[in-house]
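# What the coordinates show
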Amino acid sequence: MSHATVETAKVVERRKRSALGREQTRTAWLLLLPTLAVVAVVALIPLAQTIYLSFTNDRLASAQPTEWIGLKNYRFLLEDTVFRNSIVTTVKFAVITLVFELLLGLIIALVVNSSFKGRGFTRAAMLIPWAIPTVVSARMWAWMYNDIYGVFNDLLQRLHIIDRNIAWIAEPRYSLAAICAVDIWKTTPFVALLLLAGLQVIPSDVYEAATVDGANRIQQFFRITLPLLRPAILVTLIFRTLDALRVFDVFYVMFGARRDTQTMAIYAQNNIVAFSDTGYGSAIAVAIFLIIGIFVVAYVTTLNVEAS
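The structure presented is a predicted model; accordingly, all values stated were derived computationally and were not measured.

### Some words on the overall build of the protein chain
- Per the secondary structure count, the protein chain includes 13 helices and zero strands.
- Order of helices (α) and strands (β) in the protein chain, N terminus to C terminus: α-α-α-α-α-α-α-α-α-α-α-α-α.
- Taken over C-alpha atoms, the radius of gyration comes to 27 Å for the protein chain, far larger than the 19 Å a tight globule of 308 residues would show.
- Taking all 308 residues of the protein chain together, the buried fraction comes to 34%.
- Taking the intrachain contacts of the protein chain between residues at least 6 apart in sequence as the baseline, contacts between residues at least 24 apart amount to 66%.
- Counting only carbon and sulfur atoms, one obtains 67% of the accessible surface of the protein chain, whose full area is about 19,000 Å².
- The positive charge centre, built from 27 side chains, and the negative charge centre, built from 21, are 6 Å apart in the protein chain.

Set out below in structure tokens:
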């Protein structure tokens, strides 16, 4: 076969592959179209409407026509001390719960990943707190925290840890810790489930080879388990951080709209529903969106998610 014939065959083969690639790309976009349409309807259109309203003086059930006021809502937001306090409360809650949930979730995942009698029952039982609706669990914990008939005060006094009844929810110095405990109790099983999924894809022959090489359990954990578990840890961090930054239900059930325990989401809801100020409430919602976006970008860039 001559050199020219070989070159012609290579050109024909490249064209076939190129045509096949274009056909696969076209098919992929056709399959994605229904999903993209749903995302546009349920997410992008409300987001665009919220951004538009944030530049207006729109109010619920108002007879006055809506006017474009530019950046006035955002300028007021920068000087709003209540919103700044809500950011501090939300970020404190996110950091505290995330640290404890990650540590406890990792310990639970390591335990239920090992072989022992009753492992299946333990895996099912640990999901019970996560399966309980947040409103129900928050109300249940509020009763247990009650300073008159709550079980916590009774238990701690029997153990001689405290000498008087404490209003865990009412006293500001205890309220954040009290609600963090509720979220840690409820969400740690979800974190453990995500980490357990990461542990189960680590091949067992890696540990067998490490054992042959003389590595003990601690060395295997730090040299094998943690590095290979990094993608699952990163996914868990992103999920839980986003969830914690937009927390609403557990705070609202336990504290209502109390100013010292107000999160960003509760402050936005108050302005839109209680004060009927849709324009300013939309500006707060956009600010929450941007703050969450900053955390996502920070995770993706500093923790190198793509490489993991």
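### Focus on the environment of V253
- Tracing the backbone shows V253 in helix α11 (residues 249–255).
- Discounting residues that sit within four places of it in the chain, V253 has contacts with V135, A138 and R139.

### Thoughts on the packing of helix α3 (residues 81–113) against helix α8 (residues 172–200)
- Where α3 meets α8, the axes come as close as 6 Å, and the angle between the chain directions of the two elements is 45°. Taken together, α3 and α8 sit at an angle that is classed as oblique. The handedness of the crossing between α3 and α8 comes out as right-handed.
- Classifying every residue of the contact of α3 with α8 gives 19 nonpolar, seven polar and three charged.

### Remarks on the nonpolar core
- Membership of the largest hydrophobic core comes to 36 residues, with the highest contact counts inside it found for Y145, V250, F251, M254 and I284.
- Elements supplying a minimum of two residues to this core: α3, α6 (134–144), α8, α10 (217–245), α11, α12 (264–274) and α13 (278–302).
- Those residues within four positions of F251 in sequence are excluded, and the remaining contacts are T89, F93, L176, I179, G256, T261, T263 and I266.

### Notes on unusual backbone geometry
- The phi torsion at H160 lies on the positive side, around 60°, for a residue other than glycine.
- Looking at where H160 falls in the secondary structure, it is placed in the loop between α7 (151–158) and α8.
- Positive phi outside glycine occurs at S276, with the angle close to 60°.
- Following the sequence through the fold, S276 ends up in the loop between α12 and α13.
- With a relative accessible area of 22%, S276 lands in the partly exposed category.

### Observations regarding the packing of aromatic side chains
- If you walk through the whole model with that rule in mind, you get 15 aromatic pairs.
- Taking the centre distance of 5.6 Å and the plane angle of 55° together, the rings of W141 and W185 count as tilted. One end of the pair, W141, is in helix α6; the other, W185, is in helix α8, with 44 residues separating them in the sequence.
- Centroid distance F251 to F255: 5.9 Å. Interplanar angle 55°. Geometry classified as tilted. Remark: F255 and F251 occur in helix α11; sequence separation between them is four residues, near one turn of the helix.
- By way of ring pairs, the aromatic residues Y52, F55, W68 and Y74 are connected into one cluster.

How each quantity is defined
Residues numbered from 1 in each chain as written. Predicted model: local features only at pLDDT ≥ 70, side-chain atom pairs only at ≥ 80, totals over all residues. Heavy atoms only, no water. Helix = DSSP H or I, 4+ residues; strand = E, 2+ residues; numbered from the N terminus. Rg over C-alpha atoms; globule rule 2.2 N^0.38 Å. Buried < 20%, exposed > 50% of the residue type's maximum accessible area, 1.4 Å probe, protein only. Contact = heavy atoms within 4.5 Å. Areas by Shrake-Rupley, 256 points an atom, 1.4 Å probe, with all protein chains shown as cover. Lys, Arg positive; Asp, Glu negative; His and termini not counted. Charge placed at Lys NZ, Arg CZ, Asp CG, Glu CD. Axes fitted to C-alpha atoms, helices over the stretch in contact; angles between N-to-C directions. Parallel < 35°, antiparallel > 145°, perpendicular 65-115°, else oblique. Left-handed = near helix turned anticlockwise from the far one by under 90°. Nonpolar A, V, L, I, M, F, W, Y, C, P; charged D, E, K, R; others polar. Core = buried A, V, L, I, M, F, W, Y, C linked by side-chain atoms within 4.5 Å. Phe/Tyr/Trp six-rings, centres within 6.5 Å; stacked < 30°, edge-to-face > 60°.

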